[in-house]
Amino acid sequence: MSIAYLDPGNIESDLQSGAKAGFQLLWVLLSATIIGLLLQRLSARLGVVSGMHLAEVCHQQYRTVPRIILWLMVELAIIGSDMQEVIGCAIAFNLLSAGRIPLWAGVLITIIDTFFFLLLDKYGHFLLLCLTTFAIKPQRSTANQSKLCLSSCAGLRKLELLFGLLISIMAIMFGYEYVVVGPDQGQLLKGMFVPQCEGCGPAQLTQAVGIVGAVIMPHNIYLHSALVKSREIDRSNRKEVKEANKYFFIEASMALFVSFLINVFVVAVFAEAFHGRSNSEVFTACNESGSPHSHLFPVNNQTLEVDIYKGGVVLGCFFGPVALYIWAVGILAAGQSSTMTGTYSGQFVMEGFLNLRWSRFARVLLTRSLAITPTLLVAIFQDIQRLTGMNDFLNVLQSLQLPFALIPILTFTSLPSVMAEFSNGLFFRVGGGLLIVLVCAINMYFVVIYVAALHSVWLYVLAAFLSVAYLSFVGYLSWLCLIALGCSFLDPATRRQNDTTILIQQQPEFDT
């Protein structure tokens, strides 16, 4: 779950935040991470209490046409996230090979590494069996050892070791950059806990909005509600369900704390070293260091604009080639670790919404093909600026899909017929509703800014046409959500003071 907070799109948002606004937007990153944690809490509670993940609940409770539209929107978010992973990995391979691996070749390599993860998913239990066997105390019997080893390898847990390794690599790589640059700790703490942005303009405001859009990922809400099902829980036992909710929240808090630290490393490095620098300064530094990439920076006094590719280049120009390669390794780990989260998200979403069970091989082949095709075309026929510029469009795409995760999760976690006594109380219903409205409004503002910057009448007309259909569907989901929150008078079919107009599932019963 925490991997989604560390994908290449997040890393690019972090470095741009530091370069454009210094340390002043760290409080936005902290706030977005806390909001993300609260949303992940709702997602985990749904899976723990109901025994179903979010897509399965949507399949049971929404009508066919809205359910299909909802599935398509979530699939778009997953494909967009997959494209960002492809872009990040391709850039990392290019930087690590000093340009010997062209971008289009790096894109193709991502096909191979995806299927490596599938092989690990299928046969990785042999490795973990050996590792856990050696970790068990010698006095236990062989039978107990085998039983414990096989249990620890159940479901998704056999990939968690690899994910932990990749997160560790990111922490070490970006932590190294943090130590080398040595950011001002006072400014860092001020930026993190004092919500202000002195001298900020439209560019910094847009970046602040982009941080929220990059951190909170719609498909991650669906993923987390399914991941908790890999743990054994006696859902008929109220005490055990309550305990599971508590420990899943603690687990998510720890995971997101590590993700937050890594994001802070990236923001702080670019805030300290590159905030306020001009293109000519960077051009001079790259020339003096003998970097072959100095042509990327025009000789003028405009403020430096960076992305995940230029970010590695400027680190190499100012702090030596080692900094560039370490950056590239961190980006590669971010892209690789995000690959399987997208794979599992897509599988759960397809199985839940459509009740259609594909093999992971077929699922990855479809999703990765859809993600690679446009990315490969841009890598072949356009330059690096166009490729990295796709991340902005992809962040916009995922921002548009965010209501299709947040509205359903609030709807179903507020229904006693699904959550029994664990349904959201008044505070979380009102607070969660306001929070979701805020997040969606921020992301819509980000979308409007992006579309307005395109300066195309035809695109304005197309955007207006699509907006009507988009807002109509969001309004439909919001209407159902309001009924679930207690506004039963909005339901024309009945005036009964209950939620059975949306859900027909019987209220779960727990042992005392």
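About the thresholds
Residues numbered from 1 in each chain as written. Predicted model: local features only at pLDDT ≥ 70, side-chain atom pairs only at ≥ 80, totals over all residues. Heavy atoms only, no water. 1 Å grid on protein atoms, 1.4 Å probe; cavity = no way out; pocket = protein on both sides within 12 Å on 5 of 7 lines; lining within 4 Å. Points joined across faces, edges and corners; volume = space filled by probe spheres on them. Helix = DSSP H or I, 4+ residues; strand = E, 2+ residues; numbered from the N terminus. Nonpolar A, V, L, I, M, F, W, Y, C, P; charged D, E, K, R; others polar. Phe/Tyr/Trp six-rings, centres within 6.5 Å; stacked < 30°, edge-to-face > 60°. Buried < 20%, exposed > 50% of the residue type's maximum accessible area, 1.4 Å probe, protein only. Polar contact = N/O pair within 3.5 Å; in protein donor to acceptor, adjacent residues only side chain to side chain. Contact = heavy atoms within 4.5 Å. Expected span 1.5 Å × (residues − 1). pLDDT = per-residue confidence, 0-100. Axes fitted to C-alpha atoms, helices over the stretch in contact; angles between N-to-C directions. Parallel < 35°, antiparallel > 145°, perpendicular 65-115°, else oblique. Left-handed = near helix turned anticlockwise from the far one by under 90°. Disulfide = S-S within 2.5 Å. Salt bridge = Lys/Arg side-chain N within 4 Å of Asp/Glu carboxyl O. Lys, Arg positive; Asp, Glu negative; His and termini not counted.

Reported here for the second largest pocket is a volume of approximately 790 Å³. Around the second largest pocket, the lining comprises 26 residues; the ones closest to its centre are Leu400, Val447, Ala463, Leu466 and Ser467. Among the secondary structure elements, those contributing two or more residues to the lining of the second largest pocket are α4 (64–96), α16 (384–401), α19 (426–452) and α20 (457–484). Tallied by class, residues from the lining of the second largest pocket come to 24 nonpolar, 2 polar and no charged.

With that settled, the discussion passes to the packing of aromatic side chains. Applying the stated criterion across every chain, the model contains 13 aromatic pairs. Seen in terms of ring centroids, Phe274 and Phe318 are 5.3 Å apart; in terms of plane orientation they differ by 70 degrees. Their pairing is edge-to-face. Residue Phe274 is located in helix α11 (residues 238–274), and its partner Phe318 is located in helix α13 (residues 308–319); the two are separated by 44 residues in the primary sequence. Residue Phe318 is classed as partly exposed on the basis of its relative accessible area, which comes to 26%. The exposure class of Phe274 is buried, given its relative accessible area of 1%. Every member of this aromatic cluster is reached through a ring pair, and the members are Phe174, Phe270, Phe274, Phe318, Phe319 and Trp327.

Another point: the environment of Gln185. For Gln185, the location among the structural elements is in helix α8 (residues 185–193). By relative accessible area, which is 41% here, Gln185 ends up partly exposed. When the C-alpha positions of Gln185 and Ala268 are compared, they lie 9.2 Å apart, and in sequence the two are 83 residues distant. Polar contacts involving the side chain of Gln185 include one to the side chain of Tyr178, which spans 2.9 Å.

What follows deals with the side chain of His293. With respect to the secondary-structure elements, His293 resides in the loop between α12 (279–289) and α13. Since its relative accessible area comes to 14%, His293 is described here as buried. Aside from chain neighbours lying at most four places away, what touches His293 is Tyr309 and Val313.

The subject of this paragraph is α13. The end-to-end C-alpha distance of α13 is 16 Å, a good match for the 16 Å that 12 residues give at a rise of 1.5 Å each. Among the 12 residues of α13, 10 are classified as buried, and the element is accordingly described as predominantly covered. Listed in full, the buried residues belonging to α13 are Ile308, Tyr309, Lys310, Gly311, Gly312, Val313, Val314, Leu315, Gly316 and Cys317. A side-chain oxygen of the first residue of α13 lies 3.0 Å from the backbone nitrogen of Tyr309; this N-cap is Asp307. Residue Gly320 follows α13 closely and has a positive phi angle near 100 degrees.

Here we come to the confidence of the model for the protein chain. Per-residue confidence for the protein chain gives a mean pLDDT of 82; residues scoring 70 or more make up 85%. The low-confidence segment residues 503–507 (pLDDT under 50) makes 14 contacts with residues lying over four places distant or belonging to another chain.

So, about the packing of α11 against α13. Two quantities define a packed helix pair, namely the angle between the axes and the distance from one axis to the other. Close contact between α11 and α13 brings their axes to 12 Å; oriented N to C, the two are set at 55 degrees. One element, α11, and the other, α13, form an angle in the oblique class. For α11 against α13, the interelement crossing comes out left-handed. Where α11 abuts α13, its residues Val269, Phe270, Ala273 and Phe274 lie against Gly311, Val314, Leu315, Phe318 and Phe319. Considering only residue class, the contact of α11 with α13 consists of 8 nonpolar, 1 polar and no charged.

Attention now moves to the state of the cysteines. Tallied over the entire structure, the rule returns 2 disulfides. Put simply, Cys197 and Cys200 are joined by a disulfide, and their sulfur atoms are 1.5 Å apart. The S-S bond linking Cys197 to Cys200 shows a torsion near -60 degrees; that makes this disulfide left-handed. For Cys200, a relative accessible area of 29% corresponds to the partly exposed category.

Glancing now at the pattern of salt bridges. For the structure on display, the rule yields 4 salt bridges. When the shortest N-O distance is used, the salt bridge between Lys229 and Glu56 registers 3.1 Å. Here Lys229 is found in the loop between α10 (218–227) and α11, whereas its partner Glu56 is found in helix α3 (residues 54–61), with 173 residues between them in sequence. Residue Glu56 is classed as partly exposed on the basis of its relative accessible area, which comes to 21%. With a closest N to O distance of 2.5 Å, Glu421 and Arg238 form a salt bridge.

What follows concerns the side chain of Arg41. Following the sequence through the fold, Arg41 ends up in helix α2 (residues 26–50). Buried within the structure, Arg41 lacks any salt-bridge partner; Glu421 is the closest side chain of opposite charge, at an N-O distance of 12 Å. The residues touching Arg41, leaving out its near neighbours within four places in the chain, are Phe249 and Phe428.

This next bit is on unusual backbone geometry. Its identity is not glycine, yet Ala98 carries a phi of approximately 55 degrees, on the positive side. When you line up the elements, Ala98 lands in the loop between α4 and α5 (103–135). Overall, the relative accessible area of 44% leaves Ala98 in the partly exposed class. At Ala420, a residue that is not glycine, the phi angle is positive and equals roughly 50 degrees.

Moving on: the environment of Ile436. For Ile436, the position within the fold is in helix α19. Put simply, Ile436 and Leu406 are 30 residues apart on the chain and 6.5 Å apart in space, counted from C-alpha to C-alpha. Setting aside residues up to four positions removed in sequence, Ile436 forms contacts with Leu39, Leu406, Ile407 and Leu410.

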